[in-house]
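# Structural overview
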Amino acid sequence: MRVSSQGVTVVALLADPDAPTDIAQRIARILPARLADKSGQGRRFDVEVVSEPFTSGAEDLPTLMRRIMDRGRAENWDIVIALTDLPLLSHGRKLVVDLSHEHGLALLSLPPLGGLRLQTRAGRVVEAAVLGLVGPQATQAEGPAPSPPLLAPFAGRLTPIHPSPVGEEETADLRYVVSGLRGYLRVLFGMVRANRPWRLVPGLSKALAAALATGAIATLDSTVWSLAGALSAPRLVIAMVGSLGIMIGWLIVDGELWHRSTELSREARQRARLYNASTVMTVGIGVLVCYGGLIVINLLWALFILNDQVFAATTRTPLHATEYLTLSWFVASIATVGGALGSGLESDEAIRAAAYSKREQERRTMLQNGYSAEPSQ
């Protein structure tokens, strides 16, 4: 790590565009004061955010660490902390952070921090990484660099984050990874959060229009009234699960969202499983939100349009709150199937834009096109 000649340690937060940049900008507002307070010794810090796609076309740690190191050498930075929403793997384990005390840099993967309190967790890890990099460095004779003490809340028996061995030829000298089922779930939820599944609702306008039209017509159908009243709760649940499954499957197949890795390595297969699991969860959450919205809209439509006497004469059942709710629930399942058919009118690009963040869209396009890790010189 270089030592600033002006008595100020310059810290660069090198962030991928989109969510990582937003997180880095929020961290940068409070980081200088926190670092000065916790480092002591009268140190001052200047934090700047640089937004650029430093992970473009690469998913392997050596390439990314080399890019960060080269980027840091080209600027007047003392420490470089790189943030990405890309899930990274190290020997089959999911990386949280790589640190190199010699070069004064760290690479942080955001998905292993989970889907909740991401901003707070990312800020604490960045803070701990900077303090660890500006602290005393261990020499080769002393062994590996000591673990930054502020990472202790993240690395312990009660968390899936723990230190991992680093190869002698690697740039990093300290590494934290997640493992086990809890670690896998944290990465998965982090990836889903980055995709922002709630954007699926406004992103599929044609599918939603078809679903709303189907629901409006089905609410007026006397056969649907009779079926809704005759179905038991388990059958209504089966109809709901079936319609959701049809919608999710159709979107994934029609939008070509399923990721197939062209590589045969273990890490490539792991990444493919993570991508596909996050896709199913992202689309599933988005479709579930749509389903809940359809129930509410169908209920309001039924309250406005249905006539008690006509309904009772047809079904031999008075129109009470239970009947309204049951009918709205069943109609939502019918409308969801109609929405699945309507989604066929959406372009593949529109479906991908609704299901993925901008960075994830670019990344998958590169992977599908066989983009190499390093551009040709």
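The structure this text deals with has already been given above.
### Details of the pattern of salt bridges
Taken as a whole and judged by the stated rule, the model has six salt bridges. Here Arg175 ties to Asp98 by a salt bridge, and the two come within 2.6 Å at their closest N and O atoms. Here Arg175, found in strand 8 (residues 174-178), pairs with Asp98, found in strand 5 (residues 93-100); they are 77 residues apart in sequence, far enough to count as distant. As far as burial versus exposure is concerned, Arg175 and Asp98 are alike and both buried.

### Considerations on the packing of aromatic side chains
Here a ring pair, both rings aromatic, is described through the centre-centre distance and the interplanar angle of the planes. If you walk through the whole model with that rule in mind, you get two aromatic pairs. With a centroid separation of 5.3 Å and 40° between ring planes, the pair formed by Trp225 and Phe311 is classed as tilted. In this pair, Trp225 sits in helix 7 (residues 222-230) while Phe311 sits in helix 10 (residues 308-315), placing the two residues 86 residues apart along the sequence. With a relative accessible area of 8%, Trp225 lands in the buried category. Between the aromatic rings of Trp301 and Phe304, the centroid separation amounts to 6.2 Å while the plane-to-plane angle is 35°, which identifies the pairing as tilted. Taken together, the residues Trp301 and Phe304, both in helix 9 (residues 266-305) and three residues apart, mark about one turn of the helix. According to the relative accessible area criterion, Phe304 is exposed, its value standing at 66%.

Procedures and definitions
Residues numbered from 1 in each chain as written. Predicted model: local features only at pLDDT ≥ 70, side-chain atom pairs only at ≥ 80, totals over all residues. Heavy atoms only, no water. Salt bridge = Lys/Arg side-chain N within 4 Å of Asp/Glu carboxyl O. Helix = DSSP H or I, 4+ residues; strand = E, 2+ residues; numbered from the N terminus. Buried < 20%, exposed > 50% of the residue type's maximum accessible area, 1.4 Å probe, protein only. Phe/Tyr/Trp six-rings, centres within 6.5 Å; stacked < 30°, edge-to-face > 60°.

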